[in-house]
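As a plain string of letters, each chain reads:
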Amino acid sequence: MINRDDLGSWLEGPRFDRDDDDWPGKRLGLPVNGSHSLAPAWKRILALLVDWLMCLAIANLIDPANPVLAPAIFALENFVLVGTLGYSVGHRLFGIEVRRLDGHVPGLLKSLIRAVLVVLVIPALIFNRDNRGVHDLAAGTVILRR
């Protein structure tokens, strides 16, 4: 009989064969859990959803017929807030933040790279063993618990 605990959740991200001494983020020098460990997938997804719905609402108030406005507002929000504060509105609500690998706020250039790739969607869906999407790999960033 299959134990339900053995299955895990798809929100935990992909499962890899690894020793007990290995975890996502270990190669980056991050703790297994707690503050400054990798943010779980469910928090990242919910933060993204909050940001997207907020930007969609703003775009619909400005011009509901413009299909480019919501993604543009979303990219602008991510570019400015993540680049200067290290988090978007959704990130802040769910207690996660975007940091460079050295622990600092990404800055505007890395934030621009990241925002463009997130808006393209596909790069954010492809990720590695450390649960870092192509957008984070290209920008040299990681999403951490606060």
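Residues numbered from 1 in each chain as written. Predicted model: local features only at pLDDT ≥ 70, side-chain atom pairs only at ≥ 80, totals over all residues. Heavy atoms only, no water.

Going by an unreviewed UniProt entry, the protein chain carries the name RDD family protein and comes from Brevibacterium permense. In its Subcellular location (unreviewed entry) section, the UniProt record describing the protein chain reads: "Cell membrane". (UniProt positions renumbered as here; feature names shortened; annotations may be inferred.)

S.K.: For the pairing of strand β2 (residues 141–145), give the residues involved together with the corresponding values.
M.R.: The element β2 is largely enclosed, with a buried count of four among its five residues. Taken together, the five bridges between strand β1 (residues 96–100) and β2 define a ladder with antiparallel strand orientation. Bridge pairing links V98 to I143 in β2. (Buried < 20%, exposed > 50% of the residue type's maximum accessible area, 1.4 Å probe, protein only. Helix = DSSP H or I, 4+ residues; strand = E, 2+ residues; numbered from the N terminus. Pairing = 2+ DSSP bridges.)

S.K.: Which residues make up the pattern of salt bridges, and what values go with them?
M.R.: With the rule as written, the count across this model stands at seven salt bridges. The shortest N-O distance in the salt bridge between R114 and D136 comes to 2.7 Å. One end of the pair, R114, is in helix α5 (residues 107–119); the other, D136, is in helix α7 (residues 134–139), with 22 residues separating them in the sequence. For R114, a relative accessible area of 4% gives the class buried. Overlapping salt bridges bring together D22, R27, R129 and D130 as one network. (Salt bridge = Lys/Arg side-chain N within 4 Å of Asp/Glu carboxyl O.)

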